[in-house]
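A look at the structure
Each chain, letter by letter, is given below.
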Amino acid sequence: PFSCIFKIHDDVRQDAMMIQFIDMIKQILNDAGIDHYLFPYRVFATGENRGVIECIHNAKSRHDLGVATNEFLLTYFINKYGQVGTPGFQRAQDNFIKSVAPYSLICYLFQVKDRHNANIMIDEDGHMLHIDFGFIFEISPGGNMKFEKAPFKLTREMIDVLGGSKDALAFQKFVKLLTKCFFAVRARHEELEAITSLMMNAGFPCFLPDSIKKLQARMFINKSAKETCNEIIKLVDSSYESSFTTMYDGFQKKSNDIWF
């Protein structure tokens, strides 16, 4: 079934563009034979200040799950799928890895911000999905302050689901998948740049004249494979329990009562 939200006095064209990017990343990863999970839900802009957004079925925001259960993510996974090490938990953990890795790459490449727990969904199978792309590329909450300095969101509770440490097998699988996704996308960087170039002419506030140059820099176009692998590890290290992420979640809890 298709259900949707009608938006009025809200410009969803930027969201529609971001979904196009996600759809392209999904196709690139499929073409490369990489087992992953992305869900490019549909967004239709019906005017400059109105549009229609598809609802994601069988998924709840991390905020809603927190309010309903008052559980950390690992506890929620154990109660829903089974104890750590059981087939049910293993399936859910694998689904978590398959989704967190490509969405982390997307958040980094396109500078997706405002990643509080109301903008992150968990579906029935354990996948993590991102929604609401009002802050991308050069714009972020707080303007020039740029509260969210981490390349992507990788909180303690996410790390716990990934085995609890950088040495855990599940965490290493996440890093390996992130790396594979990165190289697959970089190999077709011209396609991403072409869409960016077209959209820059639409007058979206998220772009500056050097946005494509910055996108290329984030993909380490001129670095060798070995150098790029080292840069990816740095991205993971910078995101790992980032104090900037924790502070932003804390700010959203205080100002908007979003679960944290």
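What this report covers is the structure whose coordinates are included nearby. (Residues numbered from 1 in each chain as written. Predicted model: local features only at pLDDT ≥ 70, side-chain atom pairs only at ≥ 80, totals over all residues. Heavy atoms only, no water.)

Let us look at the layout of surface pockets. Quantified by volume, the largest pocket comes out at close to 510 Å³. Every residue lining the largest pocket is counted, 25 residues in all, and those nearest its centre are Lys7, Asp15, Tyr41, Ile53 and Asp132. Within the residue set of the lining of the largest pocket, elements represented by two or more residues are strand S1 (4–8), helix H1 (13–31) and strand S3 (50–54). A breakdown of the residues in the lining of the largest pocket according to their chemical character gives 13 nonpolar, 4 polar and 8 charged. Space inside the second largest pocket adds up to approximately 240 Å³. Lining the second largest pocket are 14 residues, and of these Thr155, Arg156, Glu157, Thr246 and Phe260 lie nearest its centre. Elements with a contribution of two residues or more to the lining of the second largest pocket: helix H5 (156–161) and helix H10 (243–256). (1 Å grid on protein atoms, 1.4 Å probe; cavity = no way out; pocket = protein on both sides within 12 Å on 5 of 7 lines; lining within 4 Å. Points joined across faces, edges and corners; volume = space filled by probe spheres on them. Helix = DSSP H or I, 4+ residues; strand = E, 2+ residues; numbered from the N terminus. Nonpolar A, V, L, I, M, F, W, Y, C, P; charged D, E, K, R; others polar.)

Time to look at empty space enclosed by the protein. In total, this model carries 4 cavities of 30 Å³ or more according to the counting rule given. Roughly 100 Å³ of internal volume is contained in the largest cavity. Lining the largest cavity are Val112, Lys113, Arg115, Glu148, Lys149, Ala150, Pro151, Phe152, Lys153, Thr245 and Tyr248. Counted by class, the lining of the largest cavity contains 5 nonpolar, 1 polar and 5 charged residues. Counted as a void, the second largest cavity has a volume near 60 Å³. Lining the second largest cavity, in full, are Val100, Tyr103, Ser104, Cys107, Ile120, Met128, His130, Phe152, Lys153 and Met158. Breaking the lining of the second largest cavity down by element, the ones donating at least two residues are helix H4 (87–109) and strand S6 (128–130). With 4 residues, the single largest contributor to the lining of the second largest cavity is H4. The residue inventory of the lining of the second largest cavity, partitioned by class, reads 7 nonpolar, 2 polar and 1 charged.

This part covers the sheet that holds strand S5 (residues 120–123). The sheet built from 3 strands is open, its strands ordered S4-S5-S6 with antiparallel pairing. Both outer strands of the open sheet, strand S4 (59–61) and S6, are each paired with one neighbouring strand and no more. Ignoring which end each strand starts from, the neighbouring axes of this sheet average 35° apart. Across 3 bridges, the pairing between S4 and S5 is antiparallel. Bridging from a neighbouring strand, Ser61 pairs with Met121 of S5. Against the sheet, helix H2 (residues 62–69) touches S4 and S5, its axis set at about 85° to S4. (Pairing = 2+ DSSP bridges. Axes fitted to C-alpha atoms, helices over the stretch in contact; angles between N-to-C directions. Contact = heavy atoms within 4.5 Å.)

This part takes up the sheet that holds strand S2 (residues 43–47). In spatial order, the strands read S1-S3-S2; together these 3 strands make up an open sheet with antiparallel pairing. Bordering the open sheet on either side are S1 and S2, each of which pairs with just one other strand. Neighbouring strand axes in the sheet, compared pairwise and without regard to direction, differ in orientation by 15° on average. Note: S2 against S3, 4 bridges, orientation antiparallel. Looking at S3, one finds that Val43 is bridged to Ile53.

Turning our attention to the nonpolar core. Within the largest apolar cluster, 76 residues are counted, with the highest numbers of intra-cluster contacts made by Phe77, Phe110, Leu154, Phe171 and Phe174. For this core, the element with the most residues is H4, which contributes 12 residues. Other than its neighbours up to four places away in sequence, Phe110 contacts Met18, Phe21, Ile25, Ile136, Phe137, Leu192 and Leu215. (Core = buried A, V, L, I, M, F, W, Y, C linked by side-chain atoms within 4.5 Å. Buried < 20%, exposed > 50% of the residue type's maximum accessible area, 1.4 Å probe, protein only.)

Taking 1.5 Å as the rise per residue, helix H7 (residues 189–200) with 12 residues should run 16 Å; its terminal C-alpha atoms sit 16 Å apart, in good agreement. Turning to H7, its buried residues are His189, Leu192, Glu193, Ile195, Thr196 and Met199. The arc that holds every buried residue of H7, seen down its axis, measures 160°, which confines them to one face. Tucked inside the fold, the buried residues of H7 contact H1, helix H6 (169–186) and helix H8 (211–218). (Expected span 1.5 Å × (residues − 1). Arc of directions from axis to C-beta.)

Okay, H2 next. If you check which residues of H2 are buried, you get Arg62, His63, Leu65 and Gly66. The arc that holds the buried residues of H2, viewed along the axis, is 165°, so those residues lie on one side. Counted as exposed and oriented over 90 degrees from the buried face of H2: Val67 and Ala68. For H2, the elements touching its buried residues are S4, helix H3 (73–81), S5 and H5. Asn70 lies just past H2 and shows a positive phi near 55°.

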